[in-house]
Each structure stands twice: as C-alpha cells, then as structure tokens.
Amino acid sequence: MDIIDYVTLRNYAQTVLNTSINSFCTDTADDFSINNKLYEYENSVFKLNNETNLLLKNKIEYNKFLQLIDTNAPINLKWLKCIAGDNKYSREKTEYRFPIEKVVIAEGITEEILLPVFAEKCDYNFDKKGIQIVSAGGKNQVVKLFYTFAEQLKIPIFVLLDSDAKENYEQIKLRMRDFDKIHLLKNGEFEDVLPKDLIIKTLNDYLRNLNYIDDTDFEYERMVTNLEEIFKKKGFHEFKKAEFAQMVKTHVDSLSDVSDEIKSIINEIKFDHSFLLQ
C-alpha cells in the first residue's frame with residue numbers, strides 16, 4: 001500500500017472541506033488570516049512535528065465556514081469566530097476557555113466538576129483564564145497523562161493528587177518542568193476537603209424535609225464512606241461521585257462554601273508561570 005505524503009493529504013482535505021463549505025456559503029472572498037492565527041496558536045501550545053506543521057499550513061476556508069456558526073456551537077468554534085476579525089493573533093482571554101493557557105490534571109470527576117465552581121467564588125474564571133481541567137480516572141492514570149502532556153505541550157501543567165498518591169507524586173516530580181506545579185492533598189481525597197456545612201446543605205435540600213442530616217450522620221473518617229452510608233440509610237439510590245458533585249455544584253453560593261485547602265489549590269493554579277516559558 002502506498003503512503004500518501006502530508007502535502008498531498010493536506011491538499012485532499014482542503015479540496016473536500018472547501019467544496020462542502022462553498023456549497024453552503026456563497027461568499028467568494030478568500031481570507032486565510034484565521035489560518036495563520038490557528039497556526040500560531042497551535043505552535044504556542046503544542047510541540048509539533050514537521051508533518052503536523054505541514055497540515056496546519058493549509059488553505060481551508062475557515063472564514064466562510066464560521067459564517068454558518070450559531071450560538072449553539074461548541075465553545076472552540078465560538079472562539080474562532082471571536083478572533084476571526086482581528087488582524088493580528090492575540091492571546092486575549094475570552095469566556096470560551098481558548099486560547100488554553102494551562103492544563104489541570106485531577107484524579108476524578110468530582111474535581112473536574114467542582115474546581116471551576118469554587119474558582120469562580122475566588123474571582124478566578126477558568127474559561128476566561130484559559131484553564132482546561134481533565135479528570136484522569138485514578139492516580140496511576142494521572143501519572144501517564146502527565147507524562148504524555150509534558151512531552152506534547154509547551155504550556156504549564158498543574159497536577160492535583162489525593163493524599164494516598166505519594167508514590168505517584170514522586171514519579172511526576174521526576175519529569176516536572178520548571179513551570180509545572182503539583183499539589184498533594186493534606187488528607188484523603190477531594191470529597192474530604194469539601195466543607196461539611198456545604199455537604200449538609202446540599203443533602204438537606206435534596207431530601208426536602210423527608211429526612212434531616214446533621215453532624216451526627218458523619219461517623220467515619222472518610223467523607224465518601226459517610227456519604228455511601230447516608231445514601232444507604234436514608235433510602236437514596238447508590239452514591240455516585242459525579243451525580244453528587246453536580247448536586248453540590250448548585251449549592252456553592254459564596255466564598256464561605258470554599259474550604260481553606262481548596263482556596264490554596266485555586267491560588268496555586270492562578271500563579272502565572274508564563275515568565276518561565278521559552
């Protein structure tokens with residue numbers, strides 16, 4: 001089987017996409033300024049090889065395509081539409097999370113759902129600051145993901161680990177760059193650093209006076225164990241972290257709902273390492 005070179009592959013992609021775009025858009029003006037901005041952006045974030053650079057230097061008619069984008073489009077397309085009119089590429093922040101300035105890797109879905117909410121109460125908007133948070137699905141997966149990202153990305157990576165991940169913490173430290181940061185929770189997992197008052201408020205609102213939760217319902221050291229028992233004893237369905245995080249999300253009302261350790265994590269994420277980037 002013959003291998004298609006990247007220039008030919010790029011040209012095929014241009015032909016297919018531009019033919020489709022032009023079947024919907026009658027604008028005949030050729031404007032490839034957005035292509036240049038995308039090329040600069042991708043090179044500012046990723047360590048690209050020669051082949052990828054060839055693919056990015058294309059003549060796909062993005063400006064015509066963006067005329068078809070409406071308010072329901074994904075946020076990355078909205079960002080492209082936002083910068084399309086600029087004459088010069090800019091890293092000015094928008095509410096669309098792009099351009100991405102930093103990646104946060106966490107163990108679980110609870111962090112992915114709640115960290116942006118807590119950050120908002122600390123006057124730090126993840127989307128406007130270009131913070132992309134990723135849940136790895138476990139401490140070992142965090143290490144693998146960090147290794148992959150550190151090889152591929154030029155931007156800072158912030159890693160958040162549960163307190164039992166000391167070995168993983170040491171593994172990550174070996175490959176950390178000067179502008180990366182890691183935080184090991186002082187005790188337990190992320191559910192353990194949620195304020196108890198916030199959890200009680202969430203549960204009592206969910207129960208709507210059918211039962212009442214107070215301090216006496218928290219008998220165990222680990223919060224997840226307490227929540228599993230509460231859900232079982234109070235006749236709820238099985239406790240699920242993602243579902244519970246969504247419940248908590250709607251009850252974070254003010255800075256008082258943010259624990260000291262979560263504030264510390266947000267402050268560490270906020271720290272600007274851009275002066276260290278080469």
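Before reading on, note that the structure itself is shown above.
Calculation rules
- Here the residue numbering is sequential within each chain, running from 1 through the sequence in written order.
- The predicted origin of the model limits local features to residues at a pLDDT of at least 70 and limits the giving and counting of side-chain atom pairs to 80 or more, whereas totals for whole chains, interfaces and linings rest on all residues.
- Each side-chain value is derived from all of the structure's non-hydrogen atoms; neither hydrogens nor water enter the calculation.
- Under the DSSP-based scheme used, a helix requires at least four consecutive residues in state H or I and a strand at least two consecutive residues in state E, with every element numbered from the N terminus.
- Buried residues are those whose accessible area, probed at 1.4 Å on protein chains only, stays under 20% of the maximum for their type, while exposed residues exceed 50% and partly exposed ones sit between those limits.
- Any two residues whose heavy atoms approach within 4.5 Å at even a single point are treated as in contact.
- Note on areas: Shrake-Rupley, 1.4 Å probe, and residue coverage restricted to the protein chains presented here.
- A pair of strands is labelled paired if DSSP reports no fewer than 2 bridges between them.
- Angular values range over 0 to 180 degrees, each being the angle between N-to-C directions of two axes fitted as lines to C-alpha atoms, with helices fitted over their stretch in contact.
- Counted as a polar contact is a pair of N or O atoms within 3.5 Å, where, for protein atoms, one must be capable of donating a hydrogen and the other of accepting one, and residues adjacent in sequence contribute only when both atoms are in side chains.
- Here the aromatic set is Phe, Tyr and Trp, taking the six-membered ring for Trp, and pairing holds for ring centres within 6.5 Å; pairs whose planes are under 30 degrees apart are stacked, those over 60 apart are edge-to-face, and all others are tilted.
- For our purposes a nonpolar core is just a set of buried Ala, Val, Leu, Ile, Met, Phe, Trp, Tyr and Cys residues, chained together by side-chain atoms within 4.5 Å.
- To estimate the expected span of a helix, subtract one from its residue number and multiply by 1.5 Å.
- The quantity called bend is, for any residue, the angle between two axes fitted respectively to the seven residues ending at it and the seven beginning at it.

Asks: Describe the overall build of the chain, with residues and values.
Replies: Across its full length, the chain carries twelve helices and four strands. By the burial criterion, 44% of the 278 residues in the chain qualify as buried. Of the contacts formed within the chain by residues at least 6 apart in sequence, a portion of 70% connects residues at least 24 apart. On the chain, roughly 15600 Å² of surface is accessible, and the fraction owed to carbon and sulfur atoms is 50%.

Asks: Tell me about the sheet that holds strand β3 (residues 157-161), and name the residues and values.
Replies: Spatially, β2-β1-β3-β4 is the arrangement adopted by the four strands of the open sheet, whose pairing is parallel. The open sheet has two edge strands with one neighbour each: β2 (131-135) and β4 (181-184). The sheet shows a mean angle of 15° between the axes of neighbouring strands, taken without regard to direction. For β3 and β4, the ladder comprises four bridges, and the chain directions are parallel. The residue bridging Leu-161 from the neighbouring strand is Leu-184, located in β4. Its contacts with the sheet place helix α6 (residues 109-121) against β1 (102-106), β2 and β3, and it is angled at close to 155° to β2. Sheet strands in contact with helix α7 (residues 139-152) are β1, β2 and β3, and its direction is about 170° off that of β3.

Asks: Before we move on, can you summarise unusual backbone geometry with the specific residues and values?
Replies: Its identity as a non-glycine residue notwithstanding, Asp-123 has a phi of 60°, on the positive side. Its place among the elements puts Asp-123 in the loop between α6 and β2.

Asks: Residues and numbers for the side chain of Asp-217, please.
Replies: Relative to the helices and strands, Asp-217 is located in the loop between α9 (196-207) and α10 (223-233). Of note is the side chain of Asp-217, whose polar atom sits 3.0 Å from the backbone nitrogen of Asp-214. In this view, Asp-217 contacts Tyr-212, Asn-226, Ile-230 and Lys-234; residues no more than four positions away in its chain are not counted.

Asks: How would you sum up the packing of aromatic side chains? Please name residues and give values.
Replies: One pass over the full model with this rule turns up six aromatic pairs. The interplanar angle of 80° and the centroid separation of 6.3 Å between the aromatic rings of Phe-231 and Phe-244 together place this pair among those described as edge-to-face. Highlighted residues: Phe-231 in helix α10 and Phe-244 in helix α11 (residues 241-249), separated in sequence by 13 residues. The two residues Phe-231 and Phe-244 agree in class, both being buried.

Asks: Help me get a handle on the nonpolar core, residues and values and all.
Replies: In terms of nonpolar packing, the biggest core is built from 43 residues, with Leu-115, Phe-118, Phe-190, Leu-203 and Phe-244 touching the most fellow members. Every element with two or more residues in this core is listed here: β1, α6, β2, β3, α9, α10, α11 and α12 (260-270). A per-element tally of this core places α6 first, with six residues. Among all residues touching Leu-115, those that are not within four sequence positions of it are Val-104, Thr-110, Phe-126, Ile-133, Leu-160, Phe-190, Ile-265 and Ile-266. Core analysis: the second largest hydrophobic core is formed by 27 residues, Ile-105, Phe-146, Ile-155 and Ala-165 among them.

Asks: Give me α6: which residues, what numbers.
Replies: Residue pairs spaced three or four apart in an α-helix point in one direction, given the helix's 3.6 residues per turn. For α6, spanning 13 residues, the distance from its first C-alpha to its last is 19 Å, which sits close to the expected 18 Å at 1.5 Å a residue. If you look at α6, its biggest bend is around 30°, right at Leu-115, and the proline Pro-116 turns up within four residues after that. Inspection of α6 places Thr-110, Glu-111, Ile-113, Leu-114, Leu-115, Val-117, Phe-118 and Ala-119 among the buried residues, and these make up the whole buried set. Next to the buried residues of α6 lie β1, β2, β3, α9, α11 and α12. Immediately downstream of α6, the backbone of Asp-123 shows phi near 60°, a positive value.

Any functional reading would require information that these geometric values do not contain.
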